[in-house]
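# Coordinate analysis (summary)
Here's the letter readout for the chains.
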Amino acid sequence: MIVRTLVGVWDSPAGDGVTAAFRGVVAGGDETLLRTFLLEIALKGVRDRVDDPAGTAAKRVALAASQMIGVFAARKILRIEPLASMSVDDVAAAVGPTVQRYLAGRIE
């Protein structure tokens with residue numbers, strides 16, 4: 001669900017602002033806007049729902065965010081095929097299990 005939602009936003013006209021912000025960060029700009037979007041808007045509600053038996057919620061959300069940043073960069077900035085042209089559903093099916101493991105599975 002998280003992957004499908006984020007990729008759907010990135011692929012919509014609203015995603016143009018995220019792409020521009022990411023390019024600005026890569027060019028040496030301030031990363032605050034992009035980090036705030038990802039952690040405080042896109043993944044904010046996730047942190048409260050993460051399985052947190054050992055106080056690992058922050059680590060889990062950071063790992064999930066890192067996965068999504070990589071998918072975003074490969075899909076929207078570098079346009080690595082076939083990821084760049086995969087459907088939202090195909091990206092969600094491929095990446096979703098990894099994000100789910102970060103959020104609820106075993107991490108060391």
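The model shown is predicted, which means the values in this text are computed figures rather than measured ones.

Quick look at the overall build of the protein chain now. Within the protein chain, the secondary structure is distributed over six helices and zero strands. Its helices and strands in sequence order give the protein chain the pattern α-α-α-α-α-α, from N to C terminus. The C-alpha atoms of the protein chain give 14 Å as radius of gyration, which agrees with the globular expectation for 108 residues (13 Å, within 12%). When the backbone C-alpha atoms are referred to their principal axes, the protein chain occupies close to 35 × 30 × 20 Å. Buried positions account for 34% of the 108 residues belonging to the protein chain. In the protein chain, of all internal contacts separated by at least 6 residues, the share reaching a separation of at least 24 is 67%. As presented, the protein chain carries roughly 6,300 Å² of accessible surface, and 59% of it is formed by carbon and sulfur atoms. Averaging the positions of the 13 positive and the 12 negative side-chain charges in the protein chain gives two centres separated by 2 Å.

Before going further, it helps to spend a moment on the nonpolar core. Judged by nonpolar contacts, the single largest core of 28 residues is most densely connected at Val3, Trp10, Met68, Val91, Val95, Val99 and Leu103. Among the secondary structure elements, those contributing two or more residues to this core are helix 1 (2-11), helix 2 (15-26), helix 3 (32-42), helix 5 (57-77) and helix 6 (88-104). The element best represented in this core is helix 5, accounting for nine residues.

Here we come to unusual backbone geometry. Here the amide bond leading from glutamate 81 into proline 82 is cis, since omega sits at 5°, within 30 degrees of zero. Within the secondary structure, proline 82 is located in the loop between helix 5 and helix 6.

Contact geometry of helix 5 with helix 6 gives a least axis separation of 8 Å together with a crossing angle of 155°. Taken together, helix 5 and helix 6 sit at an angle that is classed as roughly antiparallel. By crossing handedness, the relation of helix 5 to helix 6 is classed as right-handed. Contacts from Arg60, Val61, Leu63, Ala64, Gln67, Met68, Val71 and Arg75 in helix 5 reach Val88, Val91, Val95, Thr98, Val99, Arg101, Tyr102, Leu103 and Ala104 in helix 6. Taken together, the residues that form the contact of helix 5 with helix 6 break down as twelve nonpolar, two polar and three charged.

This part takes up the layout of surface pockets. The space that makes up the largest pocket amounts to roughly 280 Å³. Every residue lining the largest pocket is counted, 15 residues in all, and those nearest its centre are Met1, Ile2, Val3, Val46 and Leu103. Its residues assigned to classes, the lining of the largest pocket comprises eleven nonpolar, three polar and one charged.

Quick notes on the rules
Residues numbered from 1 in each chain as written. Predicted model: local features only at pLDDT ≥ 70, side-chain atom pairs only at ≥ 80, totals over all residues. Heavy atoms only, no water. Helix = DSSP H or I, 4+ residues; strand = E, 2+ residues; numbered from the N terminus. Rg over C-alpha atoms; globule rule 2.2 N^0.38 Å. Buried < 20%, exposed > 50% of the residue type's maximum accessible area, 1.4 Å probe, protein only. Contact = heavy atoms within 4.5 Å. Areas by Shrake-Rupley, 256 points an atom, 1.4 Å probe, with all protein chains shown as cover. Lys, Arg positive; Asp, Glu negative; His and termini not counted. Charge placed at Lys NZ, Arg CZ, Asp CG, Glu CD. Core = buried A, V, L, I, M, F, W, Y, C linked by side-chain atoms within 4.5 Å. Axes fitted to C-alpha atoms, helices over the stretch in contact; angles between N-to-C directions. Parallel < 35°, antiparallel > 145°, perpendicular 65-115°, else oblique. Left-handed = near helix turned anticlockwise from the far one by under 90°. Nonpolar A, V, L, I, M, F, W, Y, C, P; charged D, E, K, R; others polar. 1 Å grid on protein atoms, 1.4 Å probe; cavity = no way out; pocket = protein on both sides within 12 Å on 5 of 7 lines; lining within 4 Å. Points joined across faces, edges and corners; volume = space filled by probe spheres on them.

Remember that the coordinates give geometry; whether it matters functionally is a separate question.
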